[in-house]
Amino acid sequence: MNYFEFESVLQNGCFISLLCATLLSWWEITFTNFFNKKIIYYYQKNKLFFQSRIFVWLSSLFLGTILIARWFISQHAPLSNLYESLLWLCWGILTFGLLGNRAQVTHPSVVASMSSSALLINGFANLSLPLSMQTPSYLIPALQSNWLLMHVSVMMFSYSCLFCGSLVSLIFLAVSQKKLKISFSLQLGNHMLLEKEKNFLFLRTLDQISVRSITTGFCLLTIGILSGAVWANEAWGSYWSWDPKETWAFITWLVFATYLHLRVFQGWEGFRSAILASFGLITLWICYFGLNWLGQGLHTYGLFINQI
């Protein structure tokens, strides 16, 4: 078996695992929101058959193996084009999304949103991008720098954390408005919590998960922007050139800086902060994918117009 057959097997396994995780998590939501108490009781007694998180971890393992294999074959970090950055983003969403969510307090909607997003990203990367971009290749001269791993990997991790935090904020808005039922059993001391208390605690948990993810992503984004400025000075002789990518990265930084400032100094929590985090998700996608699609500015290496 050569490398391409090996990667094909891993990609197929990743796709199947993501599909199973997505279908199973949405099935869990159906159980906990639309069926009667007798069926919900069956679900709670047989949760072993509804472990969508297992398939998410399996997908993360497949993606991690693919990235390591590409690193070994190409002899450089797999961060040279849009296809590889999408794999990093997909892996980061799955890994950081699950690391920030304890199994006993995770509503199926959290797993469903993470797995669905990763499935769409992975499907787009493998079905829409040209084969020449998916094939491991040597780095172009402009990317042959030690700053590649430092800058791009940190930026991709920051995108993953910010995406997870913003996505959880969207779930917060959906749960708070639609009053979705909580599918896990919470116990404080020896006293079972009432349904109203459970809803409040779950929303509180979502809010804390969101702010932790966004805080981590914001710190990584700051480091990524600073390291990018140093690399730009070495490559182009200027720390900042107001390139479209740089400009939107700065806008994204400002949005999430405002989010954290309002939470820390103005006491914003819950609904208002979730609205702002949801807006940050829009700027994040424009910064990462929108500008990549247009291929504008200096950050166009490995995109559609180059088809590396």
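The structure we're discussing is the one just above.
The following paragraphs examine the structure supplied in this document. Within each chain, residues carry numbers counting from 1 in the order of the written sequence. Totals for whole chains, interfaces and linings use all residues, but because this is a predicted model, local features are given only for residues with pLDDT of at least 70 and pairs of side-chain atoms are given and counted only at 80 or more. Hydrogens are left out, water is left out, and the side-chain values use all remaining heavy atoms of the structure.

Quick look at the packing of aromatic side chains
Applied cut-off: Stacked, edge-to-face and tilted are the three classes for Phe, Tyr and Trp ring pairs, Trp counted by its six-membered ring, which pair at centre distances within 6.5 Å; planes under 30 degrees apart are stacked, over 60 edge-to-face, the rest tilted. A simple rule labels every residue: compare its accessible area, found with a 1.4 Å probe on the protein chains alone, to the largest value its type can have, and call it buried under 20%, exposed over 50%, or partly exposed in between.
For the coordinates displayed, the defined rule picks out 12 aromatic pairs. On the basis of an interplanar angle of 80° and a centroid distance of 6.2 Å, the ring pair of W242 and F250 is categorised as edge-to-face. W242 sits in the exposed class, given a relative accessible area of 55%. By relative accessible area, F250 is classed as partly exposed at 31%. Taken together, F218, W240, W242, F250 and W253 form an aromatic cluster joined through their ring pairs.

Description of helix α5 (residues 108-127)
Convention followed: By the criteria applied, helices consist of DSSP H or I runs no shorter than four residues and strands consist of E runs no shorter than two, each listed in order from the N terminus. To estimate the expected span of a helix, count its residues, drop one, and scale the result by 1.5 Å.
With 20 residues, α5 should reach 28 Å at 1.5 Å per residue; the first-to-last C-alpha distance of 27 Å fits that figure. Burial analysis of α5 places 16 of its 20 residues in the buried class, the great majority of the element.

Some remarks on unusual backbone geometry
Despite not being glycine, Q75 has its phi angle at roughly 65°, a positive value. Relative to the helices and strands, Q75 resides in the loop between α3 (52-74) and α4 (82-99). For W242, which is not glycine, the phi dihedral falls at a positive 55°. Mapped onto the elements of the fold, W242 is located in the loop between α8 (195-236) and α9 (244-265).

Some details on the nonpolar core
Here is the rule we go by: In plain words, nonpolar cores are sets of buried Ala, Val, Leu, Ile, Met, Phe, Trp, Tyr and Cys residues tied together by side-chain atoms within 4.5 Å. By the convention used here, residues are in contact when the closest approach between their heavy atoms is within 4.5 Å.
Of all hydrophobic cores here, the largest spans 69 residues; its most connected members are M156, Y159, L206 and Y288. Those residues in contact with M156 that sit more than four places away from it in its chain are L79, S85, W88, L89 and Y288.

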